Amino acid sequence: MRPEIETYLQTNGSRYTTKALRQQLIHAGYDPAEVDAALQETEAARAPQFAETTGTRRRFWLWVWGMNIAGLIVATIWAFQGRSATYAGAVPIVLGFFMLIGLAISGLIGRSMLARGTGVALIAPVIFTLILTGSCMAMFGLPSGLSTRSGTMELTIDPPLTFSGSGTVDCEIYSDYVILYANDLGSIGDRVVAVVIGTGAVDAPQGGALLGIDIVNQSSGEGSSYGQREFPMDGAANGVSGRVTFKGFVKQLSEPGPIADPDSISGTVSWTC
C-alpha cells in the first residue's frame, strides 16, 4: 500500500464510507486496482476492532433494557401490594412510558462513554432507573404486608333465633387491620349462616370489630342480613384471634320469605386464625 493512500485512509477512514473513499482516491489519480487492494487491507485490519465495538454496544444495550424491565416489574409488584393498589394497574403503562424516554436519553449518554468501559457507560442508565423506580415506589406507599391463612370460627345466636355453629374462616391479615370471611358456619333451615368481620390494628389489644351476619338461602336469596356494626372485642384480642359479644344487633336487610327473623339478635362470635 502506498504511503499516500495509507495516510489518506487513516485520516478520513472514520469520516466517509468505503465507496466515497474509493471515489476520492481514484479521482486523485490512483489506480483503481491499487485503491481496492488498499481498502481491503484497511478493512481487514479494522475488522477485529469493529467486532469488539459492536459486541460492547450490544452488551451495553442488553444491560440497559434489562435494568428498565427489572425496575418496571419491581415497581408494579410494589404498587399492587401497596395501599394505593386500586391504581396499580396504571403503573406498567405510565412508568413504562417514562422509562422508554429515559432509556433513550440515558442510553445515548452512556453510549458516548463506552470508550471508557461498559461499567462507566452504565452509570447514567443505572441512576435514572433507580430514581424513576424509587419515585414510583414512594408514590404508592409501603406494602400493606398482606398475608393469608385459614382458621376456625364459632357463632352462637341466642333465642328466639337460636343457632350454634362453627366452620372455617379465611383470614386476610394486613399490617394495620384484619378481615375475616366465614362463608358457611351452618344453617338455619335452608339458609346458610355467614359472617364477615373487620378488626382494627393488630397491635391494638382493645380494638373494635366491625361485624356482619348473613342468614340467606343461596339459591333464592331469601333471608336476612344483620350489620354492619362495630362491637368491642372481649379481653386482649389482637384481631388474629378474638371474641365479640353482640347485643341488639339490628336487622339491616330482609328479603321476603317463609321465615320471619327477629328485628335484632344477640350472641357471641369467636375466631382463631
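The rules behind the values
- Residues numbered from 1 in each chain as written.
- Predicted model: local features only at pLDDT ≥ 70, side-chain atom pairs only at ≥ 80, totals over all residues.
- Heavy atoms only, no water.
- Patch = residues over 30% accessible without salt bridge, like charges linked within 9 Å, V, L, I, M, F, W, Y side chains within 5 Å.
- Areas by Shrake-Rupley, 256 points an atom, 1.4 Å probe, with all protein chains shown as cover.
- Salt bridge = Lys/Arg side-chain N within 4 Å of Asp/Glu carboxyl O.
- Helix = DSSP H or I, 4+ residues; strand = E, 2+ residues; numbered from the N terminus.
- Phe/Tyr/Trp six-rings, centres within 6.5 Å; stacked < 30°, edge-to-face > 60°.
- Buried < 20%, exposed > 50% of the residue type's maximum accessible area, 1.4 Å probe, protein only.
- Disulfide = S-S within 2.5 Å.
- Pairing = 2+ DSSP bridges.
- Polar contact = N/O pair within 3.5 Å; in protein donor to acceptor, adjacent residues only side chain to side chain.
- Contact = heavy atoms within 4.5 Å.
- Core = buried A, V, L, I, M, F, W, Y, C linked by side-chain atoms within 4.5 Å.

> Describe a nonpolar patch on the surface, with residues and values.
Taken together, I93, V94, F97, F98, I101, I105 and I109 make up a surface patch of nonpolar side chains, about 670 Å² in accessible area. Turning to its location among the elements, I109 is positioned in helix α4 (residues 91-111).

> An account of the environment of T18 is requested, with residue identities and associated values reported.
Note that T18 resides in helix α2 (residues 18-27). As for T18 and D36, which are separated by 18 residues in sequence, their C-alpha atoms are 9.7 Å apart.

> Can you tell me about unusual backbone geometry, naming the residues and giving the values?
The omega angle of the peptide bond from P159 to P160 is 15°, so this bond is cis rather than trans. Along the chain, P160 turns up in the loop between β1 (147-157) and β2 (163-173).

> Got a sec to walk through the packing of aromatic side chains? Specific residues and values, please.
By the definition in use, this model includes 4 aromatic pairs. Aromatic pair F231 and F249: ring centres 5.2 Å apart, planes at 85°, arrangement edge-to-face. Residue F231 is located in strand β7 (residues 223-232), and its partner F249 is located in strand β8 (residues 241-255); the two are separated by 18 residues in the primary sequence. F231 sits in the buried class, given a relative accessible area of 4%. Ring pairing ties together the aromatic residues Y226, F231, F246 and F249, which thus form one cluster.

> So what about the state of the cysteines? Which residues, and what values?
A complete count under the given rule lists 1 disulfide for this structure. A disulfide bridge connects C171 with C273, and the sulfur atoms are separated by 2.0 Å. Looking down the S-S bond of the C171 and C273 bridge, the torsion is -85°, so its handedness is left-handed. On the criterion of sequence distance, the pair formed by C171 in strand β2 and C273 in the segment after β9 (264-272) is long-range, its members being 102 residues apart.

> Residues and numbers for the pairing of β9, please.
Only one face of β9 is buried, namely the one carrying I265, G267, V269 and W271, since none of S264, S266, T268, S270 and T272 on the opposite face is buried. As paired elements, β1 and β9 share 6 bridges and run antiparallel to each other. Bridged to E154 within β9 is S270.

> Which residues make up the side chain of N217, and what are the values?
Among the secondary structure elements, N217 is positioned in the loop between β6 (208-216) and β7. With a relative accessible area of 11%, N217 lands in the buried category. Within the local environment of N217, its side chain forms a polar contact with the side chain of D190, the two groups lying 2.9 Å apart. Every residue in contact with N217, bar those within four places of it in the chain, is listed here: D190, R191 and E222.

> So what about the nonpolar core? Which residues, and what values?
Counting residues in hydrophobic clusters, the biggest one holds 31 residues, and the most contacted among them are M153, L155, I213 and F246. Elements with a contribution of two residues or more to this core: β1, β2, β3 (178-182), β5 (191-199), β6, β7, β8 and β9. Setting aside anything within four residues of it in sequence, one finds I213 in contact with L155, V193, A194, V195, S224, S225, Y226, F246, F249 and I265.

> Could you give an account of the pattern of salt bridges, with specific residues and numbers?
Applying the stated rule across the entire model yields 1 salt bridge. Ionic pairing is found between R191 and D261, a salt bridge with its closest N-O pair at 2.7 Å. Of the two residues, R191 sits in strand β5 while D261 sits in the loop between β8 and β9, which places them 70 residues apart along the sequence.

> Please give an account of the environment of L253 that cites residues and values.
Secondary-structure assignment places L253 in strand β8. Taking relative accessible area as the criterion, L253 reaches 49% and is therefore assigned partly exposed. As for L253 and Y226, which are separated by 27 residues in sequence, their C-alpha atoms are 7.0 Å apart. Ignoring anything within four residues of it in the chain, the contact list for L253 reads G223, S224 and S225.

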